Amino acid sequence: MNSVVIVGRAGQDPEVKYFESGKVKTTFSVAVSRWDYKSKAETTDWFNIELWDKTAEVAGEYVKKGTQVCIDGKLAVSKWTAADGEQKERFFIRANSLRLMGKKGE
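Predicted model only: the values in this text are computed from it and were never measured.

## What to know about the overall build of the protein
Part 1 of the reasoning: A tally of regular secondary structure across the protein gives one helix and six strands.
Part 2 of the reasoning: Of the regular secondary structure in the protein, the N- to C-terminal order runs β-β-β-β-α-β-β.
Part 3 of the reasoning: By principal-axis analysis of the C-alpha atoms, the protein measures approximately 45 × 35 × 30 Å.
Part 4 of the reasoning: For the protein, with 106 residues in total, the buried portion stands at 31%.
Part 5 of the reasoning: Contacts spanning at least 24 positions in sequence make up 56% of the contacts within the protein whose residues lie at least 6 apart.
Part 6 of the reasoning: Taken as two groups, the 18 positive and 15 negative side-chain charges of the protein have centres that lie 3 Å from each other.

This is the structure we're talking about:
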């Protein structure tokens, strides 16, 4: 089963793209803090998020840098060939749902 749930803060304002087909895609990163037992310190993991359609529009309107969000989705990978011929891949979370939890300081 491919299921991911994270709670963290938006790393930047979302980027919204509108396509001629009527589809909407929004992307942004989310920082999730966790305790690292090896270093005995808090560390941050970064996740790239991709949302589509109505959820993407909501994110574009209400998510701002620092907003705490809960993302429910699945892990996805994008693969391509770079100009130099090297194979590249990028992992991201394709969100099914977005819950707005509040802004930093609230």
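## Remarks on the packing of aromatic side chains
Part 1 of the reasoning: Following the criterion strictly, the structure yields one aromatic pair and no others.
Part 2 of the reasoning: Seen from their ring centres, F19 and W52 are 5.9 Å apart, and the 20° between their planes marks the pair as stacked. Taken as a pair, F19 in the loop between β2 (15–18) and β3 (24–36) and W52 in strand β4 (residues 41–52) lie far apart in primary sequence, 33 residues in all.
Part 3 of the reasoning: Judged by relative accessible area, which is 31%, W52 ranks as partly exposed.

## Quick word on the pattern of salt bridges
Part 1 of the reasoning: Tallied over the entire structure, the rule returns five salt bridges.
Part 2 of the reasoning: Between K17 and E15 there is a salt bridge; the shortest N-O distance is 3.8 Å.
Part 3 of the reasoning: Given a relative accessible area of 39%, K17 falls into the partly exposed group.
Part 4 of the reasoning: One salt-bridge network, held together by shared partners, links K25, E50 and R94.

## Remarks on unusual backbone geometry
Where the residue is not glycine, phi is negative for most of them; where a peptide bond is considered, it is trans in most cases.
Part 1 of the reasoning: Positioned with a positive phi, K40 is a non-glycine residue whose angle comes to about 55°.
Part 2 of the reasoning: Looking at the element boundaries, K40 is found in the loop between β3 and β4.

## Quick look at the nonpolar core
Within soluble globular proteins, side chains that are nonpolar tend to cluster in buried spots.
Part 1 of the reasoning: Among the nonpolar cores identified, the biggest contains 17 residues, and I6, F28, I49, L51 and I71 are the most heavily contacted of them.
Part 2 of the reasoning: A per-element tally of this core places β3 first, with four residues.
Part 3 of the reasoning: Beyond its immediate sequence surroundings of up to four residues, L51 is in contact with V24, K25, T26, F28, A56, A59, A95 and L98.

Calculation rules
- Residues numbered from 1 in each chain as written.
- Predicted model: local features only at pLDDT ≥ 70, side-chain atom pairs only at ≥ 80, totals over all residues.
- Heavy atoms only, no water.
- Helix = DSSP H or I, 4+ residues; strand = E, 2+ residues; numbered from the N terminus.
- Buried < 20%, exposed > 50% of the residue type's maximum accessible area, 1.4 Å probe, protein only.
- Contact = heavy atoms within 4.5 Å.
- Lys, Arg positive; Asp, Glu negative; His and termini not counted.
- Charge placed at Lys NZ, Arg CZ, Asp CG, Glu CD.
- Phe/Tyr/Trp six-rings, centres within 6.5 Å; stacked < 30°, edge-to-face > 60°.
- Salt bridge = Lys/Arg side-chain N within 4 Å of Asp/Glu carboxyl O.
- Core = buried A, V, L, I, M, F, W, Y, C linked by side-chain atoms within 4.5 Å.

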